[in-house]
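Observations on the three-dimensional arrangement
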Amino acid sequence: MMVSDTIAAISTPPGEGAIALVRVSGENAIQIADKIFCGKELPSRFVSHVQHLGEIFSAEKQLIDQVMLSVHRAPASYTGEDLVEISCHGGTLVSAKVLEACLRAGARAARPGEFTERAFLNGKMDLTQAEAVIDLIRARTDLALRSATEQLEGRLGDQIRKLRDESIALLAHINASIDFPEEDIAPDEGERLRARLDSIREEIAALLATADQGRVLREGVRVVIYGATNAGKSSLLNRLLGYERVIVSDTHGTTRDAIEETVNLAGVPIRLLDTAGLRASGSELEREGIARTEKSLQLADLRLHIADRNAPRPEHFNSRKRSEFNGGSSDPNEIVVLNKSDLPENNDWKDFQALRISCLTGEGLPNLQTEILARIRQQNLRPESAVAINTRHRDCLRRALESCDRARAALREGLSPEYVAVDLDQALRALGEVIGLTDVEQILDSVFSQFCIGK
Ligand SMILES: Nc1nc2c(ncn2[C@@H]2O[C@H](COP(=O)(O)OP(=O)(O)OP(=O)(O)O)[C@@H](O)[C@H]2O)c(=O)[nH]1
Ligand SMILES: [Mg+2]
């Protein structure tokens, strides 16, 4: 893929701020800067990476703004090409006019993620590092940030490269036995091949096992609050959030739609979902809400089943096996919560094992938070290691693992080495895709389209 045209974009978010940054990257970036910038010196004479004060003029020679401009010469720039950064005043109109001046002087408006895409295409980073840039921007917890930083430094990429090197060495060995069949692979040699293949396979499997943690780091643990109407679901969401996000009222069926908010619980991002209360009657609108509740329950990592301890036990509690509610021990994905512990308990709940809380007084909430974290840990969802793959990596690694499995079966069945080589070659390709070695344009499009413009 040849990259030659020069791109420009506003790299700071839209809106007013102290400064806005306009970036120009490509062959003509510095020439464009020369055309629009007026200062003590021409940008083409600037020392790389040093900021200079000056003014930006429009194509009509109208003064737009006083700016700081720096030139970053290839290859020592973010994109690996000549890159110009213009810091102007942070008004929406000012930055738009500076960008327009760059476009009129010969640049093209950049697509989302195009600066990082160029960094990848120019070999400044591998694909996992480029993806880490998005993770870094989107990180909402310290742990997610640390994971993204380490991926940006190349930890995942290094692991993949190591796996590829091992596979290449193994493949070379097998190919040698194809080319020189007279030097038959001895049985103990076959045994050693299998061991090497197994070790590659295990490392791939270990990386695959971080997929759930990766999802949690990037998206959060899905926790769904559900139960009868008026049980206090919305009150619980507000309590855990720390502010009145959802309408709470003593009318049954207040919440009609699922409402999602993210909370940070001891460094673990939690996507809390408040749902429409379950009850038999109700309008069509409410039934639609209940149908949505049931759908979100299927996708939940953890369910908080909440009931009003002051009210009789609802029908749906009785229709399920009692053992399911014995402190939830038989269902690790569900915590049963009895709310309104400030009110007297209805006889239906006598000796009933559940966590008792009050959203009114806050009693029992720390216990609930501890229990939520314990269940997350139990399910191995709590991210511990900093390397955590995303869904694209998972897809590639699954294919690599399947190919390894086929190669192993071929070895075991004593098939001719060509078969083993074909499978191993496929594993190698799938591993290469993770770091972007296989230049499939489709992959690049799907990765870089997630970025914002100007990154
Ligand atoms: N005394 C007492 N009242 C509570 C407590 N938690 C919630 N409530 C009250 O119970 C009523 C229902 O609360 P909500 O949070 O709206 O209940 P919900 O489960 O979201 O109800 P729906 O959206 O209708 O399904 C409100 O009047 C709350 O003020 C509590 O711990 N103690
Ligand atoms: Mg509600």
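Residues numbered from 1 in each chain as written. Chains lettered and ligands numbered in written order. Predicted model: local features only at pLDDT ≥ 70, side-chain atom pairs only at ≥ 80, totals over all residues.

**Some remarks on the sheet that holds strand E7 (residues 108–109)**
Formally: At least two DSSP bridges between two strands are required for those strands to pair. For the purposes of this entry, the term helix denotes a DSSP run of H or I that reaches at least four residues, the term strand denotes a run of E that reaches at least two, and both are numbered from the N terminus.
The mixed open sheet is built from 7 strands, whose spatial order is E3-E4-E5-E6-E2-E1-E7. Across the chains shown, the open sheet's two edge strands, defined by having one partner strand only, are strand E3 (37–39) and E7. By the bridge criterion, 2 bridges tie strand E1 (residues 7–10) to E7 in an arrangement that is parallel. Residue pairing for E7: Ala8 is matched across the bridge by Ala109.

**Some details on the domain arrangement of the protein**
Our working rule: Each domain's extent was defined by an automatic or database domain assignment.
According to the domain assignment, the protein contains domain 1 (7–124), domain 2 (130–210 + 389–436) and domain 3 (218–378). Computed over C-alpha atoms only, the centres of domain 1 and domain 3 are separated by 52 Å.

**Quick word on the nonpolar core**
This is how the line gets drawn: The nonpolar core criterion groups buried Ala, Val, Leu, Ile, Met, Phe, Trp, Tyr and Cys residues into a set whenever they are joined through C-beta atoms within 7 Å. With C-beta atoms placed from the backbone, a residue is buried if 20 or more other C-beta atoms are within 10 Å of its own, exposed if 12 or fewer are, and partly exposed between those counts. In this description, any two residues whose backbone-derived C-beta atoms lie within 7 Å of each other are considered to be in contact.
With 105 residues, the main nonpolar core has Ala33 and Cys102 as its most contacted residues. If you tally residues by element for this core, the top one is helix H14 (residues 417–435), at 9 residues. With residues up to four places along the chain from it excluded, the contact list for Ala33 reads Val24, Pro43, Leu69, Val71 and Val84.

**Let's talk about the confidence of the model for the protein**
Any residue range with low pLDDT should be treated as having predicted coordinates unsuitable for detailed reading. Definition in use: Confidence per residue, as judged by the predictor, is encoded in pLDDT with a range of 0 to 100.
Per-residue pLDDT for the protein averages 87, and the proportion of residues at 70 or more is 91%. Every residue in residues 321–329 scores below 50 in pLDDT, and together they form 11 contacts with partners more than four places removed in sequence or on other chains.

**A short note on the pairing of strand E12 (residues 334–339)**
The element E12 is largely enclosed, with a buried count of 5 among its 6 residues. One ladder, built from 2 bridges, connects E12 with strand E13 (residues 355–356); its direction is parallel. When the sheet's bridge partners are listed, Val337 is paired in E13 with Leu355.

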